[in-house]
Amino acid sequence: MRNAQKAMLLLTAGATVLAAAGCTTASMDATGKEQPAAATTSLGVNDQARALLPDAVKEKGNLLIGSDPTYAPFEYFDVDNKTMIGWDVDMGDALAQALGLKAQHVAATFDTILPGLASGKYDLGMSSFSITEERQKAVDFVAYLNAGSGIAVLPGNPAKLSMKAETLCGKRVAAQKGSSQSLDVLPALSKECTDAGSPAIDAQIFPAQTDANLTLTAGRVDGVLADSISLSYQGKLAGDKFELAEGQDYHPERTGIALPKDSELRPAIEAAMKAIVGSPTYTEINKKWSIPSSAALSVDDVVAK
C-alpha cells in the first residue's frame, strides 16, 4: 500500500518527470536464488475490453506502465539487476494480453510515477498504489487488491514492535518517501504517542524501500513500515534477515492501477481487469507471488468508487 506525495498529485500535464536509472539496490535484498520469471498467461484477447480501447492506443499497440522496481513482490529487478519481475509485471502483461496489446514496463522512482501519468510519459501506473479519496481527485483508479500496513522487524522482534502505537513511541521507524506510511500512518501513530504523553516516533524516511530495509538489517532503525504483503516477501528475499511482526494490518484499503484523470483508456482497463479477476489467471498470479486470499478482490470490487 503506497501513496505518492500529495503535492505531486497536483502537477499538470507539463510536469517534468525523472525516470529511475536501470540499476538499483534491489538485488542487494536477494539471496542469489533464482526468482520467478515473468509469467506468460494463457488468457486470450477479450474482445469486449479491446473494443473499448481508444483508436490511438490500438494503433500504438502497447501499454507503457510505470513502476518502482524496489518493492517486491509487486515489482523488483531479478538477479540480473535488469529484468523487472513481480506481481504488477505479471498483471500488466495479463492486462495487455487481454487487450491485444504488448506491455512495456518502465522503471521509475515511486514519487514520479503519478506526475508521469499527467505528462503522458506512462499510460498506467502499477506500483501498489493505495486508493485514497485525495488521490482520486487527481487520478483515476482500477482496483486490483486489498492491503494494509505492517512493520518489519529483526528476527524474533527484539524491540517487541507491532502496529499498535504504544509499542512504537520513541522508536526509530523507517518508511519510503512518498508512501502512505511516511505521509499518513507514521504521523498518525506518532500523534497517538504524543497525545498519550509518550515520546514521538523517530521517523526516518528513505527514497527507496530497499534503502529502508537495509537500515533495519544494519541496526540503524528498530522497524520499517510498508505494505504487509511486501514486507513479508522482502524478508524472504533478504534471507530472513528481517520479518513481518505479528498482529493485525493497519487500516487495510484497496490498491490498484493508476491512470490519468478522465482517461479514455479507463473503460478498457476496467473491463480487462474484471475479465482477469473472474478468471483462473488472477488466482494463478496471486499464488505465484504469495498474495494471501484475503487480499483478493471480487469482480464487483474492481471499480474504484
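Residues numbered from 1 in each chain as written. Predicted model: local features only at pLDDT ≥ 70, side-chain atom pairs only at ≥ 80, totals over all residues. Heavy atoms only, no water.

*Asks:* Before we go on, may I ask you to explain the nonpolar core in this structure?
*Replies:* Buried together is how nonpolar side chains tend to be arranged in soluble globular proteins. In this structure, Leu63, Trp87, Ile257 and Met273 are the most contacted members of the largest nonpolar core, which totals 69 residues. Ranked by the residues each element gives to this core, the list is headed by strand S7 (residues 139–153), at eight residues. Ignoring any residue separated from it by four or fewer positions in sequence, one finds Ile257 in contact with Leu95, Leu124, Gly125, Met126, Asp140, Phe141, Val142, Tyr144, Ile269 and Met273. By size, the runner-up hydrophobic cluster in this structure holds 17 residues, among which are Cys169, Ala175, Leu186 and Cys193. (Core = buried A, V, L, I, M, F, W, Y, C linked by side-chain atoms within 4.5 Å. Buried < 20%, exposed > 50% of the residue type's maximum accessible area, 1.4 Å probe, protein only. Helix = DSSP H or I, 4+ residues; strand = E, 2+ residues; numbered from the N terminus. Contact = heavy atoms within 4.5 Å.)

*Asks:* Hey, could you run me through the packing of aromatic side chains in this one?
*Replies:* Given two aromatic rings, their pairing is described by the distance between the two centres and the angle made by the two planes. Taken as a whole and judged by the stated rule, the model has seven aromatic pairs. Aromatic pair Phe74 and Trp87: ring centres 6.1 Å apart, planes at 70°, arrangement edge-to-face. Taken together, the positions of Phe74 in the loop between strand S2 (70–71) and strand S3 (75–77) and Trp87 in helix H4 (residues 87–98) put the pair 13 residues apart, joining distant regions of the chain. Relative to Trp289, the ring of Tyr76 has its centre 6.2 Å away and its plane inclined at 85°; by these criteria the two rings are edge-to-face. With Tyr76 in strand S3 and Trp289 in the segment after helix H11 (280–288), the pair connects residues that are 213 residues apart, well separated along the chain. Of the two residues, Tyr76 and Trp289, both sit in the buried class. Counting every residue linked through ring pairs, the aromatic cluster contains Tyr71, Phe74, Trp87 and Tyr144. (Phe/Tyr/Trp six-rings, centres within 6.5 Å; stacked < 30°, edge-to-face > 60°.)

*Asks:* Would you take a moment to explain the pattern of salt bridges for this structure?
*Replies:* Between side chains of opposite charge, a pair can form as their charged atoms come close. For the coordinates displayed, the defined rule picks out seven salt bridges. For the salt bridge of Lys288 with Asp90, the shortest nitrogen-to-oxygen distance reads 3.0 Å. Of this pair, Lys288 sits in helix H11 while Asp90 sits in helix H4; the two residues are 198 residues apart in sequence, bridging distant segments of the chain. A relative accessible area of 27% places Lys288 in the partly exposed class. By relative accessible area, Asp90 is classed as buried at 2%. Among the salt bridges present, the one from Lys261 reaches Asp140, with a minimum N-O distance of 3.3 Å. Placement of Lys261 in the loop between strand S12 (250–260) and helix H10 (266–277) and of Asp140 in strand S7 is noted, with a sequence separation of 121 residues between them. By relative accessible area, which is 8% here, Asp140 ends up buried. (Salt bridge = Lys/Arg side-chain N within 4 Å of Asp/Glu carboxyl O.)

*Asks:* Where do I start with H4 in this structure?
*Replies:* Given 3.6 residues per helical turn, the α-helix brings residues three or four places apart onto the same face. Spanning twelve residues, H4 covers 16 Å between terminal C-alpha atoms, matching the ideal 16 Å at 1.5 Å per step. Among the twelve residues in H4, ten count as buried, and that is most of the element. Restricting attention to buried positions, one finds in H4 the residues Trp87, Asp88, Val89, Asp90, Met91, Gly92, Ala94, Leu95, Ala96 and Ala98. In the stretch just after H4, Gly100 is the one whose phi turns positive, near 70°. (Expected span 1.5 Å × (residues − 1).)

*Asks:* So what exactly am I meant to see when it comes to the sheet that holds strand S4 (residues 84–85) here?
*Replies:* The strands making up a sheet are joined through hydrogen bonds of the backbone, oriented either antiparallel or parallel. Taking strand neighbours across the sheet as the criterion, the three strands line up as S2-S3-S4 in an open arrangement whose pairing is antiparallel. Of all the strands in the sheet, just S2 and S4 have a single pairing partner and so form its edges. (Pairing = 2+ DSSP bridges.)

*Asks:* So what exactly am I meant to see when it comes to the confidence of the model for the protein chain here?
*Replies:* The predicted coordinates should not be examined in detail at positions where pLDDT is low. In the predicted model, the protein chain carries a mean pLDDT of 87, and the fraction of residues at 70 or more is 86%. Mean pLDDT values for the elements of the protein chain range from 34 in helix H1 (residues 6–9) up to 98 in strand S1 (residues 62–67). This model gives residues 4–34 a pLDDT under 50, and the stretch forms 67 contacts once residues within four places in sequence are excluded. (pLDDT = per-residue confidence, 0-100.)

*Asks:* I tried to follow H11 on my own but got confused; where do I start?
*Replies:* Among the residues of H11, Thr281, Tyr282, Ile285 and Asn286 are the ones counted as buried. The buried residues of H11 occupy an angular sector of 130° when projected down its axis, which confines them to one face. Projecting away from the buried face of H11 at angles above 90 degrees are the exposed residues Pro280, Thr283 and Lys287. The inward-facing, buried residues of H11 abut H4, S7 and H10. Positioned one or two residues after H11, Ser290 has a phi angle of 60°, which is positive. (Arc of directions from axis to C-beta.)

*Asks:* What exactly am I supposed to notice about the pairing of S1 here?
*Replies:* The buried fraction of S1 is high, at five of six residues. As paired strands, S1 and strand S5 (residues 102–107) are joined by six bridges and run parallel to one another. Note that in S5 the partner of Gly66 across the bridge is Val106. Here two bridges tie S1 to strand S6 (residues 124–130), and the two strands are oriented parallel to one another. Within the sheet, the bridge partner assigned to Ile65 lies in S6 and is Leu124.

*Asks:* Sorry, what's going on with the side chain of Gln176 here?
*Replies:* Of note, Gln176 is situated in strand S8 (residues 172–176). Within the local environment of Gln176, its side chain forms a polar contact with the side chain of Asp68, the two groups lying 3.0 Å apart. (Polar contact = N/O pair within 3.5 Å; in protein donor to acceptor, adjacent residues only side chain to side chain.)

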